[in-house]
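Reading the structure
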Amino acid sequence: MDSDDENIEEVVEGPLDEDDLPHGFCTVTYSSSDRFEGHFSHGEKNGKGKFYFFDGSTLEGFYVDDGLQGQGVYTYEDGGLLHGTYVDGELNGPAQEYDSEGRLTFKGQYKDNIRAGECWVYYPDRGCVFGEVNKDGEMTGKSIAYVYPDCQTALYGCFVEGELIEAREATMLHPETDRPSFHVVADSPVYSYDKSTSTCIATHTMLLDPYESKRVFVADSLISGGGQGLFAKLDTEPNTVVAFYNGVRITHSEVDSRDWLLNGNTISLDEDTVIDVPQPFDQLDRYCASLGHKGNHSFLPNCKYDPYIHPRFGPLKCIRTLRAVQRNEELTVAYGYDHESSEKNGPEAPDWYKEELKVFQQTQAAPPSQ
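Below: a short report on this structure.

About the cut-offs
Residues numbered from 1 in each chain as written. Predicted model: local features only at pLDDT ≥ 70, side-chain atom pairs only at ≥ 80, totals over all residues. Heavy atoms only, no water. Helix = DSSP H or I, 4+ residues; strand = E, 2+ residues; numbered from the N terminus. Rg over C-alpha atoms; globule rule 2.2 N^0.38 Å. Buried < 20%, exposed > 50% of the residue type's maximum accessible area, 1.4 Å probe, protein only. Areas by Shrake-Rupley, 256 points an atom, 1.4 Å probe, with all protein chains shown as cover. Lys, Arg positive; Asp, Glu negative; His and termini not counted. Charge placed at Lys NZ, Arg CZ, Asp CG, Glu CD. Contact = heavy atoms within 4.5 Å. Core = buried A, V, L, I, M, F, W, Y, C linked by side-chain atoms within 4.5 Å. Salt bridge = Lys/Arg side-chain N within 4 Å of Asp/Glu carboxyl O. Polar contact = N/O pair within 3.5 Å; in protein donor to acceptor, adjacent residues only side chain to side chain. Pairing = 2+ DSSP bridges.

1. What to know about the overall build of the chain
Within the chain one finds two helices and 26 strands. Expected size for 370 residues packed as a compact globule is a radius of gyration near 21 Å; at 27 Å, the chain overshoots this value by more than 25%. If you line up the chain on its principal axes, its C-alpha atoms span 85 × 55 × 45 Å. By the burial criterion, 41% of the 370 residues in the chain qualify as buried. Carbon and sulfur atoms make up 49% of the accessible area of the chain, which totals about 19,800 Å². Each charge class in the chain can be summarised by its mean position, and for the 30 positive and 64 negative side chains these summaries are 11 Å apart.

2. Overview of the environment of F231
Within the secondary structure layout, F231 lies in strand β18 (residues 228-232). Along the chain, F231 and D220 lie eleven residues apart, while their C-alpha atoms are 9.4 Å from each other. In contact with F231, not counting residues within four places along its chain, are R215, V216, F217, A219, D220, S221, L222, N328, E329, E330 and L331.

3. Some remarks on the nonpolar core
Grouped burial of nonpolar side chains is what soluble globular proteins tend to show. The biggest cluster of nonpolar side chains holds 64 residues, and the ones touching the most others in it are L59, L230, F244, Y308, I319 and L331. Examining the composition of this core, we find that five residues originate from one element, strand β19 (residues 241-245), more than from any other. Beyond its immediate stretch of four places on either side in the chain, I319 contacts L230, T240, V241, V242, A243, G292, C303, K304, Y305 and V333. Core analysis: the second largest hydrophobic core is formed by eleven residues, W120, C128, F130 and V147 among them.

4. Looking at the side chain of R249
Mapped onto the elements, R249 comes out in strand β20 (residues 248-251). D270 is the oppositely charged side chain nearest to the buried, salt-bridge-free R249, at an N-O distance of 6.7 Å. Polar side-chain contacts of R249 include one of 2.9 Å to the side chain of S196. A distance of 2.9 Å separates a polar atom in the side chain of R249 from the backbone oxygen of P315. Discounting residues that sit within four places of it in the chain, R249 has contacts with K195, S196, T197, S198, L269, T273, V274, F313, G314 and P315.

5. Quick word on the sheet that holds β18
Spatially, four strands are ordered β17-β18-β26-β23 in an open sheet, and the strand pairing comes out mixed. Here the strands that pair on one side only, and so sit at the sheet edges, are β17 (216-220) and β23 (296-297). In the sheet, β23 pairs with strand β26 (residues 330-333) via two bridges, with the strands oriented parallel. Paired with H297 across the two strands is V333, which belongs to β26.

That is the geometry; function is a separate question.
Structure follows, in structure tokens:
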């Protein structure tokens, strides 16, 4: 909380020099309720010190002549971190940012406290956006790329504040470096931001996702009565995103008020929104822009649903592997209906799920064969 305002009131705890200025290790509390603990030399911060701001955030580093110099660590009120390079108290130089769970969210440069040059912005799902930011530090321009979690498949083109405007499929070259290049795939279709509404699932319903189409395909399920299922195109490592679950966005109350027969392709996105793939978009000849809704249920699944920020569809759920999956293996998820119910009819779930649950519970309770 460096300030030149001489009218800021402060309370000093610690040694003072002959002019009653902090000298040595002191704690200074300002009228704003910010607090600084560190070393002073005749009233100026000199040496190691840490600010404790009124909102719960902190800033720690090495001070020279009252200004933070070199490496500093800013801790956000939610526990996220910014490791940056400071010159005279301002961010100038390389920086990395992390969320409260320690996941990298930003890597790049700052100039005068604003992001500058080529930067990476990472999402929790490990997708990311790369490019040169504008003068306001925003990921805006005509040579920006969204990079899928494989660090190879990309959408390269025009973005505004990190949002896809118009881009084509590309391959990221030299992903091991901080300054990659991108090769646009010949004859690639154009992709735009196309978040669904309560009535429109997508503008281009037959436009395949370039990442998903490399990893999964739809065929007749190996599960009795399962209809179509989702299968792996490739041998796949654990914790790999393989498919996306897009659909129209409706409310929980709408889902709860209708028959289970209409809820066969619904998944909860958050406390407000349910994603639904209604008829006729459950048919591949009417909709194939995402395929996550084709994953069938298992009580012993090899995949799970996870949140995902998709460059084209916005917030949705993805299907992520729980273990290594072999090529042509069917991908399954646990649908996660509530097994607890005070009603005599059992859990709040469709009839087929109740029957499968009974069989599974009986199988688990049966003694192992000798």
